[in-house]
Amino acid sequence: MENNDKLKSLRGKLLITGTIKLETGMHIGASNDFAPIGSVDTPFIRDVVSQEPIIPGSSIKGKLRTLLAKSHCDDYIMNEIKADKEEIKRLFGSVNPVKPARLQFYDLFITDETRQLFANIETDTYMGEIKFENTINRVDGSANPRQIERVPAGTVFTFKVAYNIESEAEAVSYTHLTLPTIA
């Protein structure tokens, strides 16, 4: 076995929960390859069962990793991070050297309060709003109008991430952990 800080056994999990409230409308997802004229060409990601908006845990994980890497990178140049710090590798995992991720992100679903809010208001689509955008080609001045579907401002999602505890000392210190309230 290679010396990859020797894979440690799992001693427990610290579950971190909270909510994320949208202050503005937000598009979640990518554009479609094909959209008929007049239709929404970029719908947001929905839960396949309920058809309600969700934020994939992988999206939160990727954004958080990028922001942390940028803020802790000594040689961040032109949107390129040369190498992650050890702390980033420990939290999010690494291929070289092999380090399993200590954080596990869950998909974010809307809260019951948000569900009740949408039951009482009319939206352009089921729990969504349509925003018209237009991009202008700088060379020939031609317009490329499109419609995107956004999750409306005020939507609240549940947030859950698990942190893998690998030592007895971590397990003891986290039993007395008090997290601050963020307004």
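Just above, that's the structure.
Given the structure is predicted, the values throughout are model-derived calculations rather than measurements.

J.: Would you mind showing me how to read the pattern of salt bridges here?
T.: Oppositely charged side chains can form a pair if their charged atoms are brought close together. Applying the stated criterion across every chain yields a total of nine salt bridges. Where K89 meets E86, a salt bridge forms, and the shortest distance between an N and an O atom there is 3.6 Å. With K89 and E86 both in helix α2 (residues 86–92) and three residues apart, this pair spans about one turn of that helix. For K89, a relative accessible area of 14% puts it in the buried group. The partner of K99 in a salt bridge is E86, and the shortest N-O contact between them spans 3.3 Å. Residue K99 is located in the loop between α2 and β3 (103–105), and its partner E86 is located in helix α2; the two are separated by 13 residues in the primary sequence.

J.: Just checking my understanding: could you explain the sheet that holds strand β1 (residues 12–21) for this structure?
T.: Whenever strands of a sheet pair, they do so through backbone hydrogen bonds, lying parallel or antiparallel. Ordered by their spatial adjacency, three strands build an open sheet running β1-β7-β3, and the pairing between neighbours is antiparallel. Each edge of the open sheet is held by one strand with a lone partner, namely β1 and β3. Taking each pair of neighbouring strands and ignoring which way they run, the sheet shows an average axis angle of 25°. Examined bridge by bridge, β3 and strand β7 (residues 156–165) share three bridges and lie antiparallel to one another.

J.: How should unusual backbone geometry be read in this particular structure?
T.: Looking along the chain, the bond that leaves N96 and enters P97 is cis, with omega of 0°. Note on placement: P97 falls in the loop between α2 and β3. A positive phi angle, near 60°, is found at M127, a position not held by glycine. Mapped onto the secondary structure, M127 falls in the loop between α3 (112–119) and β5 (129–136).

J.: Could you clarify how one ought to interpret the side chain of N164 in this entry?
T.: Here N164 lies in strand β7. Exposure remark for N164: the relative accessible area of 11% places this residue in the buried category. For N164, the side chain forms a polar contact with the side chain of K13, separated by 2.6 Å.

J.: I'm lost on the side chain of T42 in this one. Help?
T.: Its place among the elements puts T42 in the loop between β1 and β2 (54–55). Looking at T42, the relative accessible area reads 3%, which means it is buried. Reaching out from T42, the side chain makes a polar contact with the backbone oxygen of Q147 at a distance of 3.4 Å.

J.: Looking at this structure, how should I read the environment of G57?
T.: Mapped onto the secondary structure, G57 falls in helix α1 (residues 57–71). On the basis of relative accessibility, which here comes to 1%, the residue G57 falls in the buried class. Taking the C-alpha atoms as reference points, G57 and F109, separated by 52 residues in sequence, lie 10.0 Å from one another. Ignoring any residue separated from it by four or fewer positions in sequence, one finds G57 in contact with F105, Y106 and D107.

J.: Please clarify how α1 should be interpreted in this entry.
T.: Residues three or four positions apart in an α-helix share a direction because the helix packs 3.6 residues into each turn. For α1, built from 15 residues, the straight-helix expectation of 21 Å at 1.5 Å per residue is met to within 8% by its first-to-last C-alpha distance of 21 Å. Listing the buried residues of α1 in full gives G57, I60 and A69. One side of α1 holds all its buried residues, which, seen down the axis, span an arc of 155°. Packed against the buried residues of α1 are β1, β2, α2, β3, β4 (108–109) and β7.

Cut-off values and rules
- Residues numbered from 1 in each chain as written.
- Predicted model: local features only at pLDDT ≥ 70, side-chain atom pairs only at ≥ 80, totals over all residues.
- Heavy atoms only, no water.
- Salt bridge = Lys/Arg side-chain N within 4 Å of Asp/Glu carboxyl O.
- Helix = DSSP H or I, 4+ residues; strand = E, 2+ residues; numbered from the N terminus.
- Buried < 20%, exposed > 50% of the residue type's maximum accessible area, 1.4 Å probe, protein only.
- Pairing = 2+ DSSP bridges.
- Axes fitted to C-alpha atoms, helices over the stretch in contact; angles between N-to-C directions.
- Polar contact = N/O pair within 3.5 Å; in protein donor to acceptor, adjacent residues only side chain to side chain.
- Contact = heavy atoms within 4.5 Å.
- Expected span 1.5 Å × (residues − 1).
- Arc of directions from axis to C-beta.

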